[in-house]
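Observations on chain architecture
The residues making up each chain are set out below.
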Amino acid sequence: MICDCCKKNEAKVQVCDVEQNAVVQQFAICNDCMTLLKRLLFDPATPLIPTSEAVKQVQDMLSSKDKSLTPVEAPGKLTVSDRQPEAVPACPSCGMTLAEFKQRGRFGCAHDYEVFASHIDPLLERIHDVTPPQHRGRLPQGEADESVTGKARELAALRNQLDDAVLAEDYERAAKLRDRIAALAGEVKSKPGKARREGP
Amino acid sequence: MKALPPFNHFPRPLGEWLKGQGPESDIVVSTRVRLARNIKAWPFTLRSSTQQREELLLAVFEALNAIGLDQSVVRLRLNEVPEVYRDVLVERHLISRELASAEGPRAVVFGRGEMLSIMINEEDHLRLQWIKSGFDVDRAFRALVKVDHALERRLPYAVSPKYGYLTACPTNVGTGIRVSVMVHLPALTLKDHVQKVFKAAEKMNHAIRGLYGEGTRAFGDFYQVSNQATLGRSEEEIVESVKAILPKILEYERRMRGQLFSDERPMVEDRIFRALATLKNARMLNVQEMMSHLSLVRLGISLGIINDISLATVNEIFILGQPSHLQREEGREMTPAERDAKRAELVRTRLAAGRN
Ligand SMILES: [Zn+2]
Ligand SMILES: [Zn+2]
């Protein structure tokens, strides 16, 4: 099957939009286009969009020939010497890059500590005057209590699973989780605030 | 000028920490312990969408309800609070300036005595703090840890065995704890020795900075001493290190007060009584003037030169005379000149009423 985005490569992944438990639209995507698509679908900094909308955006990007957005070249073409020696991959979860961290001095998510570990350890040694940088305080005792239920708790669980799915590149699962979050969060947002009685 | 809607969310006129009580209260105004926490399921605030911030607020509110912090606390969504009242919260040390001026869903939850305060969607998802009057690190620490432990059973925090509690800024990672003691150092300031204290504190891995105003000269001679490092030490070690450095600063300030009192008594008395006379009679006072005069009056009370005004009265005026508190009292926005007149009036009436 040919990819629905680039109409060139062979599709490897199926993604779909689900509405009321029924598949409304299905897309076949190649691996290259999937990397672009997941940026749009799972970027925590942007609002959730339907898969069909994301596919359309990827198609637009590819047709606009914006070089920064084209899928990675075939592996054979990229030689080691072409790479920047200090190139560090961006955080797969929040998209934070080392350059942005250096500029802002703030991390985007908890994963950044692992992603940039080799770069931040010397920084932490300096800030906290400790070598090696190793936590010696307490940590939460055991798992958080599961007996409490509620929508927020469910949302938190789904957000965690979505993060895991994106990191594991399990896009099918990620897409499903994303839809469930959208449905649940929709309820959250539309919930009216407490009525307040104003003066006469 | 625009009239302001009423803002009556404070169960008491002022927080417990302004009482002027507690150990070493002649020099130490208050002790604050703060913990930075993030919740695993969401990216840090910097990378959170409006939607995610809203979800997080909901999750934290649910958790607070579950641990009994519902009816007993004041809960404010800051995007529903007018700017001038957000500044009132800053002046009362309940929220940070950053949270006040941020955008999007964010909130503060505070206790009736204004000792506990929880900022939600600050730079970190949660900033928990406990303020006590006087030098009382242990009590503030223990009280705050109780809240933290209760919350961690409901909200899975972002942690790692190597880095501890993960925070947006690398300066807070590890324990996420900041112990800050607010000290009043008028004698060290008068004798120009504050720089020496700064240097000594830095050597011991602690930071000291002016609380109001820029650079080294702090309005009102208030300084904040706090731990610098949060990683590689236990919470108890950090608490102990702050407890260890404070007595040295207190001793230094007292020695300078003693020297002023014995060697330069006429000069000191003159300055203190001139300050008091200004406060009792001025018809216009700007913030800096008010604070520098009050600082001398506070010194006068500590030295026993002034006997008919309490420390609590002076502490209260410091907060009530701040710009946004004045506007809240007046119920409308005011020009700087109007505020200076209102401030002078407040100081005159409070000093007359606060005699003991
Ligand atoms: Zn493709
Ligand atoms: Zn990240």
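In short, a report on the structure. It should be emphasised that the depicted structure is a prediction, and the values quoted were computed from it without experimental measurement. (Residues numbered from 1 in each chain as written. Chains lettered and ligands numbered in written order. Predicted model: local features only at pLDDT ≥ 70, side-chain atom pairs only at ≥ 80, totals over all residues. Heavy atoms only, no water.)

Quick look at the nonpolar core
All names here are of chain B. Applicable threshold: Residues grouped as a nonpolar core are buried Ala, Val, Leu, Ile, Met, Phe, Trp, Tyr and Cys residues, joined through side-chain atoms within 4.5 Å. Three exposure classes are used, based on accessible area relative to the maximum for each residue type with a 1.4 Å probe and protein chains only: buried under 20%, partly exposed in between, and exposed over 50%. The numbering of helices and of strands both runs from the N terminus, where a helix is a DSSP run of H or I of at least 4 residues and a strand a run of E of at least 2. Residue ranges assigned to the domains are those given by an automatic or database domain assignment. Any pair of residues with heavy atoms lying within 4.5 Å of one another is described as a contacting pair.
Judged by nonpolar contacts, the single largest core of 110 residues is most densely connected at Ile 118, Ile 120, Leu 126, Leu 151, Val 183 and Leu 246. Top contributing element to this core by residue count: helix α7 (residues 235-263), with 10 residues. Three or more residues apiece are contributed to this core by two domains, here domain 1 (16-258) and domain 2 (264-353). Here Ile 118 is in contact with Leu 64, Leu 69, Ala 107, Val 108, Val 109, Leu 126, Arg 127, Leu 128 and Val 147, once residues within four sequence places are set aside.

A short note on the pattern of salt bridges
All names here are of chain B. Condition: Definition used for salt bridges: Asp or Glu carboxyl oxygen within 4 Å of a side-chain nitrogen of Lys or Arg.
Evaluation of the coordinates by the stated rule reveals 32 salt bridges over all chains. Among the salt bridges present, the one from Arg 254 reaches Asp 26, with a minimum N-O distance of 3.1 Å. Note that Arg 254 is positioned in helix α7 and Asp 26 in the segment before β1 (28-37), a separation of 228 residues in sequence. For Arg 254, a relative accessible area of 33% puts it in the partly exposed group.

A look at the interface of chain A and chain B
Selection rule: Buried area: the accessible surface (1.4 Å probe) lost by two parts on joining, summed over both.
The interface is formed by 51 residues belonging to chain A together with 51 residues belonging to chain B. When the two sides are added together, the surface that chain A and chain B hide from each other amounts to roughly 4500 Å², 56% of it contributed by carbon and sulfur. Summed over the three residues of chain A that lose the most area to chain B, namely A:Tyr113, A:His128 and A:Arg138, the buried surface amounts to 15% of that side. Scanning the region where chain A abuts chain B turns up 6 salt bridges.

Brief notes about the coordination of the zinc ion (ligand 1)
Residues and elements named next belong to chain A. Applied cut-off: Each metal's donors are the N, O and S atoms found within 2.8 Å of it, except that Na, K and Ca use a 3.2 Å limit; water is left out, so coordination can look incomplete. Just to be clear on the cut-offs, tetrahedral is four donors with all angles between 85 and 135 degrees, square planar is four donors and octahedral six with opposite donors over 155 degrees apart and all others between 65 and 115, and anything else goes down as irregular.
Listed as protein donors to the zinc ion (ligand 1) are Cys 3 (SG), Cys 6 (SG), Cys 30 (SG) and Cys 33 (SG); their distances from the metal cover 2.2 to 2.3 Å. Metal-centred angles of 100 to 118° between the 4 donor atoms at the zinc ion (ligand 1) mark the site as tetrahedral. Mapping the donors of the zinc ion (ligand 1) onto the primary sequence yields the spacing C-x2-C-x23-C-x2-C. Highlighted residues: Cys 6 in the segment before β1 (13-19) and Cys 30 in the loop between β2 (22-29) and α1 (31-42), separated in sequence by 24 residues.

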